[in-house]
Amino acid sequence: METTGRLALPAATAEGTGAHSVAAGSRNDPDAFEAAVGPHYGPLTRRLTVVLGNEHDAEDVAQDAYLRAFRSWDRFDGADVRAWLYTIALRLAFNHVRRRRRWLGILVRTEPAPWTDPSDPDLWGALRGLDGRTRAALLLNVLDGYTHREIAAMFEVPEGTVASWISRGRAALRAELGQR
Amino acid sequence: MDPDDLDSRLAALEARAPGRDDPPELPRSRRRGLLATPLVLAPVLLLALVASAAAGGAVVATLVQSTEGVQNPGQPLEGANLECMTPPEAAAYLAARGFTDVVWQVETGDIEGKAGSTVQVATPPDHGYVVPGAILSDGKLYMVVDQRTGATGGGTCPDLPMP
């Protein structure tokens, strides 16, 4: 599904008219940062929990992303603060997974999630079968409405790669959920 | 499987996922660091005002010029990016350019202001952030070094780990 979401990184693609945009004059002000970025922190940690499959890792990555975003606040293009924050966080999340793989020498596995909807336990089981990038791309597209192009800019991959991830992700979920 | 069904199921799943709504505290040292410089200058400016009243307009002009920020545009250390150096590196850089009379003002404690102290020493400390905004006053160069816990870099090196 190709949707018409708002802009994402890089700034060159930004339209700058979304509900998440920030006035240019407030970019050196920590209070303005908290006002603009703070409301996205809770949804970000929940997104990272689903992407990483682990709430503790999610919280670590979210905190790191938030502080990095603050340090880069004066360089933010002022367009879509949610896309900007999510881009920083998801890139950190994927680096986090790569580090764990490298240093622990094990396959990173998501944990059973006690928080999943008791009425829909199969969905989490099916999502766990997707790799983190596919899961993240699917959620950005389905829940946030970002286009393939915007997601490609966030992950610095070709647009076709994102289209492939989302298509295969949907197909895998359909197959997995259809069998249950 | 209906696509709309998947969308709503994913939304419900994420809504149930645990997460923290309260973001971490932001370090605000850059603000405090910049505020520290005017505090250092307060006695200097007071002296300048007293002297100006006594000696007239020409003296005022001289004193005001003497407290110019030396990293400002057009000043001797414009573009030096001292904030990207360790204090000893900054000291070497300054000495090579003739700034041998340097007062190092070292800020310690934490960024919340707990158990902090400010000392002025003649030798550069081993570590800490060099705060941008060096001031030349009466032939002395005042450099502020931030060693407070939780402090971050400033100026052109905001991501620098604390030296």
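Every value quoted in this text rests on a predicted model; they were computed, and no experiment measured them.

This part covers the overall build of chain B. Secondary structure summary: chain B contains 4 helices and 4 strands in total. Each helix and strand of chain B, ordered N terminal to C terminal, gives the series α-α-α-α-β-β-β-β. A total of 163 residues make up chain B; the buried ones form 31% of that total. Taking the intrachain contacts of chain B between residues at least 6 apart in sequence as the baseline, contacts between residues at least 24 apart amount to 63%.

Residues and elements named next belong to chain A. Between helix H2 (residues 41–52) and helix H6 (residues 132–142), whose axes approach to 8 Å, the crossing angle comes to 140°. Between H2 and H6, the angle is such that the two are oblique. Mapping the contact onto sequence places Arg47, Val50, Val51 and Leu52 in H2 and Gly132, Arg135, Ala136 and Leu139 in H6. Looking at the contact of H2 with H6 residue by residue, the classes come out as 5 nonpolar, 1 polar and 2 charged.

The next subject is helix H1 (residues 30–37) of chain A. Residue and element names in this part refer to chain A. Burial in H1 covers these residues: Phe33, Ala36 and Val37. The buried side chains of H1 occupy one side of the element, clustering within an arc of 80° when seen end-on. Residues of H1 that are exposed and point more than 90 degrees away from the buried face comprise Asp31 and Ala35.

At the junction of the two partners, chain B supplies 23 residues and chain A supplies 32 residues. When grouped by side-chain class, the residues that make up the side of chain B that touches chain A number 13 nonpolar, 2 polar and 8 charged.

This part covers the environment of A:Ala32. Within the secondary structure layout, A:Ala32 lies in helix H1. It is 9.9 Å that separates the C-alpha atoms of A:Ala32 and A:Trp73, two residues lying 41 residues apart in sequence.

Moving on, we come to the environment of B:Pro132. Residues and elements named next belong to chain B. By secondary structure assignment, the location of Pro132 is in strand E3 (residues 129–137). Of the residues examined, Pro132 has 24 C-beta atoms within 10 Å and is grouped as buried. C-alpha separation for the pair Pro132 and Met143, spaced 11 residues apart in sequence, amounts to 8.2 Å. Residues within four places of Pro132 in sequence aside, it is in contact with Gln71, Leu82, Glu83, Gly154 and Gly155.

Analysis parameters
- Residues numbered from 1 in each chain as written.
- Chains lettered and ligands numbered in written order.
- Predicted model: local features only at pLDDT ≥ 70, side-chain atom pairs only at ≥ 80, totals over all residues.
- Helix = DSSP H or I, 4+ residues; strand = E, 2+ residues; numbered from the N terminus.
- Buried ≥ 20, exposed ≤ 12 C-beta atoms within 10 Å, placed from the backbone.
- Contact = placed C-beta atoms within 7 Å.
- Axes fitted to C-alpha atoms, helices over the stretch in contact; angles between N-to-C directions.
- Parallel < 35°, antiparallel > 145°, perpendicular 65-115°, else oblique.
- Nonpolar A, V, L, I, M, F, W, Y, C, P; charged D, E, K, R; others polar.
- Arc of directions from axis to C-beta.

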